[in-house]
Amino acid sequence: MKTFLNPFKLSAVLGLLLLAGCATTKHRETFLTAAGFKRVVATTPRQQQRLQSLPPGKITLVHRNGKTYYVFPDAAHNRLYLGTSNEYQNYRQIVADSKIAEQGRMGAEMEAADGDDWNDWDSWEIITFTPN
């Protein structure tokens, strides 16, 4: 299996995840940058118009001059994140790793919270509810 990120970048991204929690737009931008996407500022009115035409919060596949690019708009800062298929694969790996790390963190929190409570099976209280 091909490694897309060196261990230092991966550990830095996972560290940010553990501190940050869920993936907001800001986290997505951090992931894109860690994956190698470049920030490109829209400097002309035409570039700004094209930036505004991209679906917000989504990575879009774009063909230009016979090449394929992946772009993520950041209209609030008048820029986009630009990557090739290699950077996009890096990004997908970072997202997958972050989900695994988040699941592990949540599992550890649940285990710590529930801990030894399940050793005493006699203390159960049964509550009946009806879902809406």
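The rules behind the values
- Residues numbered from 1 in each chain as written.
- Predicted model: local features only at pLDDT ≥ 70, side-chain atom pairs only at ≥ 80, totals over all residues.
- Heavy atoms only, no water.
- Helix = DSSP H or I, 4+ residues; strand = E, 2+ residues; numbered from the N terminus.
- Buried < 20%, exposed > 50% of the residue type's maximum accessible area, 1.4 Å probe, protein only.
- pLDDT = per-residue confidence, 0-100.
- Lys, Arg positive; Asp, Glu negative; His and termini not counted.
- Salt bridge = Lys/Arg side-chain N within 4 Å of Asp/Glu carboxyl O.
- Contact = heavy atoms within 4.5 Å.
- Pairing = 2+ DSSP bridges.
- Axes fitted to C-alpha atoms, helices over the stretch in contact; angles between N-to-C directions.
- Core = buried A, V, L, I, M, F, W, Y, C linked by side-chain atoms within 4.5 Å.
- Phe/Tyr/Trp six-rings, centres within 6.5 Å; stacked < 30°, edge-to-face > 60°.

**So, unusual backbone geometry**
- With a phi close to 50°, Asn 65 is a non-glycine residue in the positive phi region.
- Here Asn 65 shows up in the loop between β2 (60–64) and β3 (67–74).
- The exposure class assigned to Asn 65 is exposed, which follows from its relative accessible area of 72%.
- Of note, Asn 78 is a non-glycine position whose phi angle comes to about 60°, a positive value.
- Take Asn 78: it is sitting in the loop between β3 and β4 (79–83).

**Some details on the confidence of the model for the protein chain**
- Taken over all residues, the pLDDT of the protein chain has a mean of 78, while the share at 70 or more is 59%.
- Within the protein chain, strand β1 (residues 38–41) carries the highest mean pLDDT (96), whereas helix α1 (residues 7–20) carries the lowest (52).

**Digging into the side chain of Glu 29**
- Relative to the elements of secondary structure, Glu 29 occurs in helix α2 (residues 25–35).
- No salt bridge is formed by the buried Glu 29; the nearest opposite charge belongs to Arg 79, separated by 4.3 Å.
- Glu 29 has contacts with Phe 72, Asp 74, Arg 79 and Tyr 81, leaving out every residue within four places of it along the chain.

**Quick notes on the sheet that holds β4**
- The strand order across the open sheet built from four strands is β1-β4-β3-β2, with neighbouring strands paired in antiparallel fashion. At either end of the open sheet lies a strand with only one pairing partner, and these are β1 and β2. Neighbour-to-neighbour, the strand axes of the sheet open up by a mean angle of 40°, direction not taken into account.
- Bridge analysis of β2 against β3 gives five bridges, and the strand direction is antiparallel. Note that in β3 the partner of Arg 64 across the bridge is Lys 67.

**Details of the nonpolar core**
- Core analysis: the largest hydrophobic core is formed by ten residues, namely Phe 31, Leu 32, Ala 34, Ala 35, Phe 37, Tyr 70, Phe 72, Tyr 81, Tyr 91 and Ile 94.
- Contributing elements (two or more residues each) for this core: α2, β3 and α4 (85–114).
- Considering every element that reaches this core, the biggest residue donor is α2, with four residues.

**What about the packing of aromatic side chains?**
- Enumeration according to the criterion identifies four aromatic pairs in this entry.
- Judged by centre distance (6.4 Å) and plane angle (70°), the ring pair of Phe 37 and Tyr 91 falls under edge-to-face. In this pair, Phe 37 sits in the loop between α2 and β1 while Tyr 91 sits in helix α4, placing the two residues 54 residues apart along the sequence. For the residue pair Phe 37 and Tyr 91, the accessibility class agrees, reading buried in each case.
- Residues Phe 72 and Tyr 81 carry aromatic rings whose centres are separated by 6.4 Å and whose planes lie at 55° to one another, so their mutual orientation is tilted. We note that Phe 72, like Tyr 81, is buried.

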